[in-house]
Amino acid sequence: MPLLYQVGLGLTPVQSGLLIMPQALASMSTKFLLPRVLERFGYRNVLICNTLALGGMLMLFGTISRATPIWLIIVQALCYGVLTSLQFTSMNTLAYADVPRDQSSGASTITSTSQQLSVSFGVAAAGLTTVFFLPTEATAPPALIIDGLHKAFFVLGGFTILSALVFSRLKTSDGGDEAGEKDLHIEEAKS
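All of these numbers come straight from a predicted model, not from anything done at the bench.

J.: So what's going on with the overall build of the protein chain? Which residues, and what values?
T.: Per the secondary structure count, the protein chain includes nine helices and zero strands. Ordered by position from N to C terminus, the α and β elements of the protein chain give α-α-α-α-α-α-α-α-α. The principal-axis extents of the C-alpha atoms in the protein chain amount to approximately 75 × 30 × 30 Å. By residue count, 36% of the 191 residues in the protein chain fall in the buried class. A fraction of 77% describes how many contacts in the protein chain between residues 6 or more apart in sequence connect residues 24 or more apart. For the protein chain, the accessible surface area stands at approximately 11,500 Å², while carbon and sulfur atoms represent 68% of it. Of the side-chain charges in the protein chain, 11 are positive and 12 negative, and the distance between the mean point of each set is 8 Å.

Structure, rendered in structure tokens:
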């Protein structure tokens, strides 16, 4: 997105940063609502629908041009922030659903490492996808750069939509308070 804003649209780094800020603000401000959403709709439904919405949102970023009003870019960034927050919160809490409390420290280490690897692979994949579509000339006109970035957003959105298949393997009951129930059963068995 910063590449689209700075190189494609000709904005300054400060303006580009300001356009990314709504994403972070939306992400932080919706954290308190997410447990209710997960409780009402369940992890499986939320993760499938949200992943599809995230893919669609990435594709919408592929429509931003110099004619796009700033307010619309801000609205898209806000929506993207809400969706990414819901995605990460859902996946993070699901990772601990079946872990007993006495093993949560080890699970935290493994989960954190896995997340960092996933983010690294995601950034690398996005970078490679973008490079594939960008013109090779250093002095390419902004229109060619925007076109390449739009294609990259569409491909990345498509990959995101395909990744919803992973979540379709979840059971409807996955992610419930199973870890807490397990601890309760273990305590009952000990007494």
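J.: Tell me about the state of the cysteines, residues and numbers included.
T.: Across all of its chains, the model carries zero disulfides by this definition. Of all cysteine sulfurs, the one in Cys-79 lies closest to Cys-49, which takes part in no disulfide; the gap is 16 Å. Taking the relative accessible area as the measure of exposure, Cys-79 reaches 34% and is therefore partly exposed.

J.: Quick rundown of the pattern of salt bridges? Include the residues and the values.
T.: All chains considered together, the criterion is met by one salt bridge. Across the salt bridge formed by Asp-147 and Lys-151, the nearest N and O atoms sit 3.2 Å from each other. With Asp-147 and Lys-151 both in helix 7 (residues 142-162), this residue pair falls four residues apart, about one helical turn.

J.: Describe the nonpolar core, naming the residues involved and giving the relevant values.
T.: Within the largest apolar cluster, 18 residues are counted, with the highest numbers of intra-cluster contacts made by Leu-4, Tyr-5, Leu-9, Phe-61, Ile-64, Ile-73 and Tyr-80. Of all the elements in the fold, those that place two or more residues in this core are helix 1 (2-8), helix 4 (43-61), helix 5 (70-95) and helix 7. Counting eleven residues, the second-largest nonpolar core is a separate cluster that includes Leu-38, Tyr-43, Ile-48 and Leu-170.

J.: An account of a nonpolar patch on the surface is requested, with residue identities and associated values reported.
T.: Together, Val-14, Leu-18, Met-21, Leu-25 and Met-28 make up an exposed nonpolar region whose accessible area comes to about 530 Å². Relative to the helices and strands, Met-21 resides in helix 2 (residues 13-29). Residue classification places Met-21 among the partly exposed residues on the basis of a relative accessible area of 44%.

J.: Give me the lowdown on the confidence of the model for the protein chain, citing residues and values where you can.
T.: The share of residues in the protein chain with pLDDT of 70 or more is 91%, and the mean pLDDT across the chain is 83. No element of the protein chain has a lower mean pLDDT than helix 9 (residues 178-190), at 39, and none a higher one than helix 4, at 93. Within the model, pLDDT remains below 50 along residues 178-191, and this stretch shows eleven contacts once partners closer than five positions in the same chain are excluded.

J.: How would you explain the environment of Phe-133 if you had to name every residue and give the values?
T.: Within the element layout of this structure, Phe-133 appears in helix 6 (residues 104-133). Between the alpha carbons of Phe-133 and Leu-33 there is a distance of 38 Å; along the sequence they are 100 residues apart. Leaving out residues up to four positions away in the same chain, Phe-133 has contacts with Gly-148, Lys-151, Ala-152 and Val-155.

Cut-offs applied
- Residues numbered from 1 in each chain as written.
- Predicted model: local features only at pLDDT ≥ 70, side-chain atom pairs only at ≥ 80, totals over all residues.
- Heavy atoms only, no water.
- Helix = DSSP H or I, 4+ residues; strand = E, 2+ residues; numbered from the N terminus.
- Buried < 20%, exposed > 50% of the residue type's maximum accessible area, 1.4 Å probe, protein only.
- Contact = heavy atoms within 4.5 Å.
- Areas by Shrake-Rupley, 256 points an atom, 1.4 Å probe, with all protein chains shown as cover.
- Lys, Arg positive; Asp, Glu negative; His and termini not counted.
- Charge placed at Lys NZ, Arg CZ, Asp CG, Glu CD.
- Disulfide = S-S within 2.5 Å.
- Salt bridge = Lys/Arg side-chain N within 4 Å of Asp/Glu carboxyl O.
- Core = buried A, V, L, I, M, F, W, Y, C linked by side-chain atoms within 4.5 Å.
- Patch = residues over 30% accessible without salt bridge, like charges linked within 9 Å, V, L, I, M, F, W, Y side chains within 5 Å.
- pLDDT = per-residue confidence, 0-100.

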